[in-house]
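Survey of secondary and tertiary structure
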Amino acid sequence: MNDSPVTAPSRPIARRAASAVWATLSRNRRLLRVLAVIIAVLAGVNFVTRFGPIHTGIEVEPAVAVALIVLARRHGLSWHDLGLSRRTWGRGLRYAATGVAAVAAVYLVGLIVPLTRQAFIDSRYELGAGTALLTGLVLVPLGTVLLEEVAFRGVLIGLLGRHKNLTLAISVSSVLFGLWHVLPSLAMGANRLVASVVGEGVLSHVLMVAVVVAFTGGAGWLLCEVRRRSGSLLAPVGLHWATNGLGVLLTSALWSLRLV
């Protein structure tokens, strides 16, 4: 008899608490399923573009980027969550322009200094002027940058940042971005500086892969931070393109001018 005044009111509270816990677990299960799908899709694209009949990525990656955006929107993410809100376009473009200018300045200094110039000598980009422009201005942004930014700095940051804390979202995105580069790192031996430092042998190549994963993971963190500060996906897109696209154009120019 003495328990009823205390326990009776507590039952609705307990039921509400249980319902809240169950809802949280359900949301997390849905989140885990969506993340599993995204990671599986990215792994498949990575494998196909490296070992399948597709080599540039432009054949499938734009479509995959759109599909990931649709998936994220169906999961409840807003354009702001994805870094694609119109309100942030101006700020994103300013960050992007600053990133492009900074990368261009660093690259020009690297070309002037004979020691660092070796880093630009990559036989993969011994291209004619037309092919170099096509690669740097079309294939790189559409076949590399678009999907990577949408996936890692758009969808993953949006999903994890919404359900968890942003620090965890950035950490997971950066780690996955580093792992995304395991297969591409196998072609790094074409770079003269990398080949001279790493050398031959299985252990040397394992070390090279580990270094590339760590470096690109760090680069992923930087791109995530740019995305966070700007609030726009346009900012890391600009910085990412400058790093890859300008590198292709400058390396090709070195081969064309016979400065290698």
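Because the structure is predicted, anything quoted here is derived from the model rather than measured.

1. Points about the overall build of the chain
Along the backbone of the chain there are nine helices and zero strands. The linear arrangement of helices and strands in the chain, starting from the amino end, is α-α-α-α-α-α-α-α-α. Expressed as a percentage of the 260 residues in the chain, the buried residues total 38%. Long-range pairs, those at least 24 residues apart, make up 79% of the contacts in the chain between residues at least 6 apart in sequence. When the accessible area of the chain is evaluated, it comes to approximately 14200 Å², of which 70% is carbon and sulfur surface.

2. Some words on the packing of aromatic side chains
In this structure the tally under the stated criterion is three aromatic pairs. Relative to Phe51, the ring of Phe47 lies with its centre 5.2 Å away and its plane at 50 degrees, an arrangement referred to as tilted. Here the residue Phe47 and the residue Phe51 both occupy positions in helix 1 (residues 4-51), the gap between them amounting to four residues, near one helical turn. Aromatic side chains Phe152 and Trp180 sit 5.7 Å apart centroid to centroid with 70 degrees between the ring planes, which places their arrangement in the edge-to-face category. Here Phe152 is found in helix 5 (residues 129-163), whereas its partner Trp180 is found in helix 6 (residues 166-180), with 28 residues between them in sequence. Counting every residue linked through ring pairs, the aromatic cluster contains Phe152, Phe177 and Trp180. Above the face of the Phe177 ring, Arg153 is positioned so that its terminal group lies 4.2 Å from the ring centre.

3. Topic: the nonpolar core
Ranked by internal contacts, the top residues of the largest apolar core, which has 43 residues, are Ile38, Leu42, Leu68, Leu147, Val155 and Leu159. Mapped by element, the contributors of at least two residues to this core are helix 1, helix 2 (61-74), helix 3 (89-112), helix 5, helix 6, helix 8 (202-230) and helix 9 (234-256). For this core, the element with the highest residue contribution is helix 5, accounting for 11 residues. Aside from chain neighbours lying at most four places away, what touches Val155 is Ile38, Leu68, Ile69, Ala72, Leu77, Leu82 and Val150.

4. Some points on the side chain of Glu149
Relative to the assigned elements, Glu149 resides in helix 5. A polar contact is formed between the side chain of Glu149 and the side chain of Arg153, at a distance of 2.7 Å. Setting aside chain neighbours within four positions, we find Glu149 in contact with Gly154, Leu223, Leu233, Pro236, Val237 and His240.

5. Some details on helix 2
In this model, helix 2 (14 residues) spans 20 Å end to end at C-alpha, consistent with the 20 Å of a helix rising 1.5 Å per residue. The positive-phi residue at the C-terminal boundary of helix 2 is Gly76, with phi of around 105 degrees.

6. Looking at the layout of surface pockets
For the second largest pocket, the calculated volume is near 160 Å³. Forming the boundary of the second largest pocket are His80, Asp81, Ile157, Gly158, Gly161, Arg162, Leu166, Arg227, Arg228 and Gly231. Its residues assigned to classes, the lining of the second largest pocket comprises two nonpolar, four polar and four charged.

7. With respect to a nonpolar patch on the surface
A contiguous nonpolar surface patch, about 410 Å² in accessible area, is contributed by Leu133, Leu134, Leu137, Val138 and Leu142. By the secondary structure assignment, Leu142 is in helix 5.

8. So, the confidence of the model for the chain
In this model, the chain carries a mean pLDDT of 83, and residues with pLDDT of at least 70 account for 80%. Looking over the chain, one finds the lowest element-wise mean pLDDT in helix 7 (residues 192-198), namely 54, and the highest in helix 2, namely 95. Within the model, pLDDT remains below 50 along residues 4-9, and this stretch shows one contact once partners closer than five positions in the same chain are excluded.

Conventions adopted
- Residues numbered from 1 in each chain as written.
- Predicted model: local features only at pLDDT ≥ 70, side-chain atom pairs only at ≥ 80, totals over all residues.
- Heavy atoms only, no water.
- Helix = DSSP H or I, 4+ residues; strand = E, 2+ residues; numbered from the N terminus.
- Buried < 20%, exposed > 50% of the residue type's maximum accessible area, 1.4 Å probe, protein only.
- Contact = heavy atoms within 4.5 Å.
- Areas by Shrake-Rupley, 256 points an atom, 1.4 Å probe, with all protein chains shown as cover.
- Phe/Tyr/Trp six-rings, centres within 6.5 Å; stacked < 30°, edge-to-face > 60°.
- Lys NZ or Arg CZ within 6 Å of the ring centre and 35° of its normal.
- Core = buried A, V, L, I, M, F, W, Y, C linked by side-chain atoms within 4.5 Å.
- Polar contact = N/O pair within 3.5 Å; in protein donor to acceptor, adjacent residues only side chain to side chain.
- Expected span 1.5 Å × (residues − 1).
- 1 Å grid on protein atoms, 1.4 Å probe; cavity = no way out; pocket = protein on both sides within 12 Å on 5 of 7 lines; lining within 4 Å.
- Points joined across faces, edges and corners; volume = space filled by probe spheres on them.
- Nonpolar A, V, L, I, M, F, W, Y, C, P; charged D, E, K, R; others polar.
- Patch = residues over 30% accessible without salt bridge, like charges linked within 9 Å, V, L, I, M, F, W, Y side chains within 5 Å.
- Salt bridge = Lys/Arg side-chain N within 4 Å of Asp/Glu carboxyl O.
- pLDDT = per-residue confidence, 0-100.

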